[in-house]
Structures are given as C-alpha cells and as structure tokens.
Amino acid sequence: QVQLVESGGGLVQPGGSLRLSCAASGFSFNDYIMSWYRQAPGKERELVATISRTGGSTTYADSVKGRFTISRDNAKNTVFLQMNNLKPEDTAVYFCAGTNLVRYWGQGTQVTVSS
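Residues numbered from 1 in each chain as written. Predicted model: local features only at pLDDT ≥ 70, side-chain atom pairs only at ≥ 80, totals over all residues. Heavy atoms only, no water.

## Overview of the overall build of the protein
As a reminder of what qualifies: Runs of H or I in DSSP of at least four residues are treated as helices and runs of E of at least two as strands, each being numbered from the N terminus. C-alpha atoms define the radius of gyration in this analysis, and the globule rule sets the expected value at 2.2 Å times the number of residues to the power 0.38. Buried, partly exposed and exposed residues are distinguished by accessible area as a fraction of the type maximum, computed with a 1.4 Å probe on protein chains only: under 20%, between the cut-offs, and over 50%, respectively. Working rule for contacts: check all heavy atoms of both residues, and any pair within 4.5 Å makes them a contact. Here the Shrake-Rupley method, with its probe set to 1.4 Å, supplies the accessible areas, and only the displayed protein chains count as covering residues. By the counting rule applied here, Lys and Arg register as positive and Asp and Glu as negative, while His and the ends of each chain are not counted. To locate a charge, take atom NZ for lysine, CZ for arginine, CG for aspartate or CD for glutamate.
Scanning the protein for helices and strands turns up zero helices and 11 strands. Relative to the globule expectation of 13 Å for 115 residues, the C-alpha radius of gyration of the protein, 13 Å, shows essentially globular dimensions. Reported as C-alpha extents along the three principal axes, the dimensions of the protein are approximately 40 × 25 × 25 Å. A total of 115 residues make up the protein; the buried ones form 43% of that total. The contacts in the protein between residues at least 6 apart in sequence include a share of 53% that link residues at least 24 apart. Counting every atom, the protein has about 6000 Å² of accessible surface; 47% of that belongs to carbon and sulfur. With 11 positive and 8 negative side-chain charges, the protein shows a separation of 3 Å between the mean positions of the two kinds.

## Some remarks on the packing of aromatic side chains
So the rule is basically this: Pairs were defined over the aromatic rings of Phe, Tyr and Trp, the Trp ring being its six-membered one, requiring ring centres within 6.5 Å. Orientation was assigned from the angle between planes: stacked under 30 degrees, edge-to-face over 60, tilted for the rest.
For the coordinates displayed, the defined rule picks out five aromatic pairs. The interplanar angle of 65° and the centroid separation of 4.7 Å between the aromatic rings of F27 and Y32 together place this pair among those described as edge-to-face. Among the residues examined, F27 registers a relative accessible area of 13% and is labelled buried. On the accessibility criterion, Y32 (10% relative accessible area) is buried. A connected cluster of aromatic rings, assembled from ring pairs, spans F27, Y32 and Y104.

## Some points on the state of the cysteines
Put simply, the rule is: Cysteine sulfur atoms are paired as a disulfide whenever they fall within 2.5 Å.
For the structure on display, the rule yields one disulfide. The disulfide bridge from C22 ends at C96, spanning 1.9 Å between sulfur atoms. Of the two residues, C22 sits in strand 3 (residues 18-25) while C96 sits in strand 9 (residues 92-99), which places them 74 residues apart along the sequence. Judged by relative accessible area, which is 0%, C22 ranks as buried.

Structure below.
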C-alpha cells in the first residue's frame with residue numbers, strides 16, 4: 001500500500017522556521033521525483049519545490065527561493081522541506097508528492113504563519 005505521510009506543520013510566527021518531513025512507503029522511493037505543493041484557502045494547489053531522484057537537482061517557486069530548501073534521504077525514504085523566514089502568505093496545507101509514471105499524494109500538513 002502506497003503511503004506518503006507528512007509531519008512537522010504547525011503554528012509559527014513570521015520570520016520563524018519549520019521543517020516538514022514526508023515518509024514514503026509502498027513504492028520504490030529512489031525512482032520517484034519528489035515534490036512539495038501547497039494550497040491556501042480559496043486558492044489552487046501550487047508547486048513549491050521539486051527534487052530529483054538522486055537529490056542532485058532542485059527547483060523552487062520564485063516565492064520561496066532563498067527561504068525554503070528541499071532535500072531527501074533515500075536510505076530512509078523521506079523527503080524534507082526546510083522553511084525559513086516564514087511569511088503569513090506561506091500559510092497553507094503542504095502536501096508531498098512522488099512522481100514517476102503516476103503521482104502519489106500525501107494527506108497534507110497545515111502550516112500557519114501568524115503573530
């Protein structure tokens with residue numbers, strides 16, 4: 001059974017940091033490009049960051065460049081999103097996704113940035 005389980009979300013003040021984790025199981029993690037998406041209330045889901053199968057290549061949305069870092073640990077079947085200097089506009093449900101010929105989704109974790 002395929003599972004992607006996100007954790008690490010929560011409430012943080014502007015300027016703070018959070019580290020999201022996504023634990024994968026049930027598929028060959030090393031063969032999948034991994035990504036983080038987010039969806040704010042009333043908005044479409046948007047791509048935040050992507051990492052290649054080996055971790056050697058990453059891409060980011062312009063809105064998070066220089067603040068967020070995606071990484072992966074293939075030995076632990078886990079992908080991470082380090083989020084620094086968080087802003088209120090980063091408030092959203094964050095989803096991890098694994099893509100090869102199909103795309104698998106996690107259930108999401110809420111991130112709220114507010115004072």
